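Observations on the three-dimensional arrangement
Spelled out from the first residue to the last, the chains are:
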Amino acid sequence: MENVYIGVDVGGMSIKAGLVTENGEIIYKNSKKTNSVIGGAEALLKDTKDLMIEMIDYAKNHELKPLAIAFGIPGVVNTTKGEIAYACNLHVEDVPLKDYLKDLGLPIFLSNDANVAALAEVRFGAAKGYKDAILLTLGTGIGGGVVIDNKLFEGIDGKGTELGHSVIVVDGHECGCGRRGCFEAYASASALLELTKKEMINNKNSIMWDYCSHNLENVSGLTSFECAKKGDETAIKVIDTYVKYLSEGILNFCNIFRPQVILIGGGISNQGDYLIDKIKAYCEKAHYGYSHTPKVEIKTATLKNDAGIIGCACLAMDYLGK
Ligand SMILES: [Zn+2]
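Quantities reported herein were computed from a predicted structural model and do not represent experimental measurements. (Residues numbered from 1 in each chain as written. Predicted model: local features only at pLDDT ≥ 70, side-chain atom pairs only at ≥ 80, totals over all residues. Heavy atoms only, no water.)

Of regular secondary structure, the protein chain possesses 10 helices and 13 strands. Here the C-alpha atoms of the protein chain give a radius of gyration of 20 Å, agreeing with the 20 Å that 2.2 N^0.38 yields for 322 residues. The principal-axis extent of the C-alpha atoms belonging to the protein chain is close to 60 × 50 × 35 Å. Considering only contacts within the protein chain whose residues lie at least 6 apart along the sequence, 64% involve residues at least 24 apart. The protein chain carries 33 positive and 40 negative side-chain charges, and their two centres are separated by 2 Å. (Helix = DSSP H or I, 4+ residues; strand = E, 2+ residues; numbered from the N terminus. Rg over C-alpha atoms; globule rule 2.2 N^0.38 Å. Contact = heavy atoms within 4.5 Å. Lys, Arg positive; Asp, Glu negative; His and termini not counted. Charge placed at Lys NZ, Arg CZ, Asp CG, Glu CD.)

The following block contains the structure:
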């Protein structure tokens, strides 16, 4: 019998679960559509439980021994109570995950999705071999995961490290959290999209208009990057502005944590070295925060869509002392 951990990556579109070995290998995975927008917390709990029963059955039939279930949640959790406190993408609050699943007879753990992804990258991904690492996932918002001395740092009840809501522009753009000028209001994928559209409207000659068939609804995170690579001045301006805000946030985290590495995840990280080199050049000019300090490595995350499931397994292993 091989020990496995059930990792569950809960997302706005789907609930993805997998059986993960102690070496971070996913042996089996499956998913269900997330129905909580219509069915609320009840649908989320029932679908999750059905998926867990399927995972446990698969394990039993394949000489595998599940030791725990762990969840990565796109929102605020309460690790003490084992609850989803609030997740706007799932349209739920106060969901008693641990209590609802207790009859499955396995320990239940949960954390924020960026937190578990950071843990996965440190153990099995781009930050393997580093003790202190930060993951920034650039998506609709910005998720932040902080690993210090090879352990996840979560704050009270797992509610800390909301790096996306650190303010980089006082009285700046409105943020979904209620403050103004948050990092994610300037450096998320959504912020890039808004900036791209704004600059396109101001510059009708930009080739970005051709790239999106003259329809702003076709603008994506790729539009400005692809057109900047072709030399379009407006697109270059968009990317330079975006990189400036992203890098200023990164410099703050360099100053606060001085981690060995900062990883960039989310769809925009697919730009790879094109993006990373620009961030490094900006950070270099600012001496990575201030002078006479060690450089922080900046890299792209590598585990992509599997980071959540693998990270949940890492979380469970940490709780169980494995
Ligand atoms: Zn905010």
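Take the coordination of the zinc ion next. With distances of 2.1 to 2.4 Å, the protein atoms coordinating the zinc ion are His165 (ND1), Cys175 (SG), Cys177 (SG) and Cys182 (SG). Its four donor atoms give the zinc ion angles of 104 to 122 degrees at the centre, a pattern that matches the tetrahedral case. As a motif over one chain, the donors of the zinc ion read H-x9-C-x1-C-x4-C. (Donors = N, O, S within 2.8 Å, 3.2 Å for Na, K, Ca; no water. Tetrahedral: all angles 85-135°; square planar, octahedral: opposite > 155°, others 65-115°.)

Quick look at the sheet that holds strand S12 (residues 261-265) now. Sheet architecture is open: five strands sit in the order S11-S10-S9-S12-S13, paired in mixed fashion. Across the chains shown, the open sheet's two edge strands, defined by having one partner strand only, are strand S11 (151-153) and strand S13 (297-300). Averaged over neighbouring strand pairs, the angle between their axes works out to 25 degrees when direction is ignored. Sheet analysis places strand S9 (residues 133-138) next to strand S10 (residues 142-148), joined by six bridges and oriented antiparallel. The residue of S10 that forms the bridge with leucine 138 is isoleucine 142. (Pairing = 2+ DSSP bridges. Axes fitted to C-alpha atoms, helices over the stretch in contact; angles between N-to-C directions.)

Further remarks concern the domain arrangement of the protein chain. Often, the extent of an interface is quoted as the loss of accessible area on bringing the components together. In terms of domains, the protein chain is made up of domain 1 (2-124 + 305-320) and domain 2 (133-301). Both faces considered, domain 1 and domain 2 share a buried interface measuring about 1,400 Å² in area, 55% of it formed by carbon and sulfur atoms. Counting the contacts that link domain 1 with domain 2 gives zero salt bridges. If you list the elements that add at least two residues to the side of domain 1 that touches domain 2, you get strand S5 (76-78), strand S8 (108-112), helix H3 (113-124) and helix H10 (307-320). Per-element accounting of the side of domain 1 that touches domain 2 gives the leading share, eight residues, to H3. A per-class count over the side of domain 1 that touches domain 2 returns 11 nonpolar, six polar and two charged. (Domains from an automatic or database assignment. Buried area = accessible area lost by both parts, 1.4 Å probe. Salt bridge = Lys/Arg side-chain N within 4 Å of Asp/Glu carboxyl O. Nonpolar A, V, L, I, M, F, W, Y, C, P; charged D, E, K, R; others polar.)

Evaluated as defined, the whole model comprises five aromatic pairs. Here phenylalanine 183 and phenylalanine 253 contribute two aromatic rings whose centre-to-centre distance is 5.5 Å and whose plane-to-plane angle is 75 degrees, an arrangement assigned as edge-to-face. Taken as a pair, phenylalanine 183 in the loop between S11 and helix H4 (184-187) and phenylalanine 253 in helix H8 (residues 233-257) lie far apart in primary sequence, 70 residues in all. Ring centres 4.6 Å apart and planes at 50 degrees place the aromatic pair tyrosine 186 and tyrosine 245 in the tilted group. Of this pair, tyrosine 186 sits in helix H4 while tyrosine 245 is found in helix H8, placing the two residues 59 residues apart along the sequence. Given a relative accessible area of 8%, tyrosine 186 falls into the buried group. Look at tyrosine 245 and you get partly exposed, because its relative accessible area is 22%. (Phe/Tyr/Trp six-rings, centres within 6.5 Å; stacked < 30°, edge-to-face > 60°. Buried < 20%, exposed > 50% of the residue type's maximum accessible area, 1.4 Å probe, protein only.)

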